[in-house]
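In case you want the letters, here they are:
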Amino acid sequence: MAIKEFKTESKRLLDMMANSIYTNTDIFLRELISNASDALDKRHILSLTDTSITNDDPKIHIDVNKADRTITISDNGIGMDKKELEDNLGTIARSGSFEFKQELDEKSEADIIGQFGVGFYSAFMVADNVEVVSRKVNENKAARWTSDMNGYEITSAEKDDYGTTITLHIKKNTKEKKYDKYLESNEIQMLVKKYSDFIRYPIEMMVESYDYKEDGKSEKVNKLETVNSMQPIWKKNKKDIKAEDYENYYMQEYYDYAKPLKTIHYKVEGNTSYTALLFIPSQRPFNYYTNDYKLGLKLYSRGVFIKDEAKEIVSDYFRFIRGVVDSDDLSLNISREILQQDYQMNALKKSVDKKIKSTLENMLEKDRENYEKFFDAFGSQLKYGCYDGFGVNKDVLIDLIMFKSSKEDKYVTLKEYVANMKKGQKEIYYAAGESIEKIRQLPQMEKVLDKGYEVLFFTDSVDEFLTSIIMEYDGKQFKSILKGDLDLDSKEEKDELEKKSEESKDLIEKIKEILKDKVSDVRLSTRLKTYPVCLVSDDNLSIEMEKILKQMNQEGVKANKILEINPDHELFKALKKLNDDNGDISDYAMLLYDQALLMAGLELDDPAQYAIKVSELMLKALK
Ligand code: ADP
Ligand code: MG
């Protein structure tokens, strides 16, 4: 029979395969094994309705022949006749070819091959010559399809059993790529384990092992063994799995020495059918915030491994989740209909996200202790998720977020905070700082706590940025007790302050003049109790945000600082007297400002000058 040419699209795909030395060529084996598995499925399904079709001992056999430079993959599945060889292998994609063609134009080849696989033609990534001998069930004759990539030929053949045998003539090593490894049976066995471990049929091959003799000596022998484990843990019945089975699987798979905090094993049936086994780790991986951290979600399709780090099926804000999603519908041949694929991936992602969210909500409600452990490890991730993209996902995540609060230093959700607000309290109070201890020491804290308000501790660098994006919760604005005017005072207190400001007008103006390059305003305040001064910012950028931006090398961005003075403090009273007596207050004004800087956790403008001034004062006092 004459040599035929491949159709244009097939040619393009073949070219892509032949030249794909930089992509993952290992996956050819997965493709051929899953075709064999499909063929076994088909034979099985037919046997259910057609009694003339038997279904005995379904299996896949792999032979590696180093001397001949071949790998053979055989199955006793449905098989193909001449016409089917022509239709199935002579041309790609009966349906959906248009979309696939477009995809070829738009996506990089690595994307296509690595992510979805491209079926039978991937054999040409590692072989320069492929032979397929097939005998369809209940047919007497077999047929042979051979190709060297330039064209193909179909001839008659002899074959004892039903099914298909595919022989790959492995390419010679080149400078860029070593193909010889595919002639090592250890390597092939490893690839079967990696990509096809959960294929439901046994995959047999000769495996090197050692026979131990009575005298203690061993002998290398080859044994026919089933190399795949066939059933993955997530496909097992839940009631047959012990807690420790899950834990062992998790710890082995993700190299974690701690048990998972939560295991989520579930099955969804319907438009998007899939099984998932997901884990929430109990601790943050040491490299979680580095580029080295790998997303721990694997995608399988009916037991066939498709890809690691499947970020298409979970939202980034849940990137701490590990586990597998095994889809029933996402068969590999869908690669030919990628539009549908994208739709399916999105549906999967929605469903997986929803499950993770409801699991977390449930933990928060019913298992607070573990939820707090989870939050200690991954709470920042949820906050970043809320903040990211100008808050597009805030509604999904906001109720999963907690902050430590001044009431007992415990975590509270925003819902809990709002429910506990004091009568007449309109805003959600927070204070940002490096640690709870440091925030508690801030001069501004005392009065607010005295008045019985609860204050959220923002100790995570993202916290204040987050509230600047989400602005409010349940109609209540976020308000920093370190910023602007708190408006906590009664009418009488306000009148009193106004009176004192009027009396000290001259002094305040002088201090303002002395500090005019440092602060935008100087004013008396009722905010303070024990301390003489504090620094606050206006309602825009806060002092804490300035520090964080500085760490991020954005030196130029500065908070607008205001020096607030406690009019009831003895120091202020003494200063007023000195000023009224025409004394020089400039050193004292500077020292007040420096104190405020130190308490706000900011660096002094001139530490040496500060030390000199303090020493002079000490000397005066000691004399
Ligand atoms: P897909 O598996 O996505 O349909 P492939 O390129 O992998 O695409 O295979 C093309 C077609 O060739 C299959 O749909 C199937 O009909 C046929 N085929 C491939 N391998 C076998 C096999 N081992 N036994 C029977 N049919 C096969
Ligand atoms: Mg296939």
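Structure first, text after, so check above.
What you see is a predicted model, and the numbers here were worked out from it, not measured in a lab.

### Side note on the overall build of the protein
Scanning the protein from N- to C-terminus turns up 20 helices and 22 strands. In terms of overall dimensions, the protein is more spread out than a globule: its C-alpha atoms have a radius of gyration of 36 Å, far above the 25 Å expected for 623 residues. For the protein, the C-alpha atoms occupy an extent of roughly 120 × 65 × 50 Å along the three principal directions. In the protein, which comprises 623 residues, the proportion classed as buried is 49%. Partitioning the intrachain contacts of the protein with sequence separation of at least 6 by distance along the chain shows that 70% fall at a separation of at least 24. Carbon and sulfur atoms provide 48% of the accessible area of the protein, an area that totals close to 31800 Å².

### Observations regarding the pattern of salt bridges
Scanning all chains against the criterion turns up 50 salt bridges. In this structure, Lys 235 engages Asp 326 in a salt bridge whose closest nitrogen and oxygen atoms are separated by 3.9 Å. Pair noted here: Lys 235 is in the loop between β8 (218-226) and α7 (243-254) and Asp 326 is in strand β13 (residues 322-327), with a separation of 91 residues, a long-range link. Exposure remark for Asp 326: the relative accessible area of 0% places this residue in the buried category. The partner of Arg 527 in a salt bridge is Glu 564, and the shortest N-O contact between them spans 2.8 Å. Of this pair, Arg 527 sits in the loop between β20 (521-524) and β21 (533-537) while Glu 564 sits in strand β22 (residues 561-565), placing them 37 residues apart in sequence.

### Some points on the pairing of β22
For β22, the buried fraction is high: five of the five residues fall into the buried class. Side chains of β22 alternate between two faces, with Lys 561, Leu 563 and Ile 565 and Ile 562 and Glu 564 buried alike.

### Remarks on the packing of helix α19 (residues 586-599) against helix α20 (residues 607-622)
Taken N-terminus to C-terminus, the directions of α19 and α20 make an angle of 115°; their axes are 11 Å apart at the nearest point. In the packing of α19 onto α20, the handedness of the crossing is left-handed. Across the interface between the two elements, Asp 587, Tyr 588, Leu 591, Asp 594 and Leu 598 of α19 pack against Tyr 610, Lys 613, Val 614, Glu 616, Leu 617 and Lys 620 of α20. Taken together, the residues that form the contact of α19 with α20 break down as six nonpolar, no polar and five charged.

### Comments concerning the nonpolar core
The biggest cluster of nonpolar side chains holds 70 residues, and the ones touching the most others in it are Leu 278, Phe 318, Leu 360, Tyr 371, Phe 374 and Leu 382. Leave out the neighbours within four places in its chain, and Leu 360 touches Ile 280, Phe 318, Phe 320, Tyr 371, Phe 374 and Leu 400. Formed by 63 residues, the second largest nonpolar core is a distinct cluster that contains Met 17, Leu 32, Val 192 and Ile 241.

### Some details on the environment of Lys 294
Here Lys 294 lies in the loop between β10 (274-280) and β11 (296-301). Lys 294 gets classed as exposed once you look at its relative accessible area, which sits at 52%. Taking the C-alpha atoms as reference points, Lys 294 and Asp 308, separated by 14 residues in sequence, lie 9.0 Å from one another.

### Remarks on helix α18 (residues 570-580)
Restricting attention to buried positions, one finds in α18 the residues Phe 572, Leu 575 and Asn 579. Buried residues of α18, seen end-on, are gathered within an arc of 60° and therefore sit on one face of the element. Opposite its buried face, α18 presents the exposed residues Glu 570, Lys 577 and Asp 580, each directed more than 90 degrees away. Where α18 is buried, its residues contact α16 (505-514), β20, β22 and α19. Phi turns positive one or two residues past the end of α18, at Asn 582, with a value near 65°.

Here is what the cut-offs are and how they apply
Residues numbered from 1 in each chain as written. Chains lettered and ligands numbered in written order. Predicted model: local features only at pLDDT ≥ 70, side-chain atom pairs only at ≥ 80, totals over all residues. Heavy atoms only, no water. Helix = DSSP H or I, 4+ residues; strand = E, 2+ residues; numbered from the N terminus. Rg over C-alpha atoms; globule rule 2.2 N^0.38 Å. Buried < 20%, exposed > 50% of the residue type's maximum accessible area, 1.4 Å probe, protein only. Contact = heavy atoms within 4.5 Å. Areas by Shrake-Rupley, 256 points an atom, 1.4 Å probe, with all protein chains shown as cover. Salt bridge = Lys/Arg side-chain N within 4 Å of Asp/Glu carboxyl O. Axes fitted to C-alpha atoms, helices over the stretch in contact; angles between N-to-C directions. Left-handed = near helix turned anticlockwise from the far one by under 90°. Nonpolar A, V, L, I, M, F, W, Y, C, P; charged D, E, K, R; others polar. Core = buried A, V, L, I, M, F, W, Y, C linked by side-chain atoms within 4.5 Å. Arc of directions from axis to C-beta.

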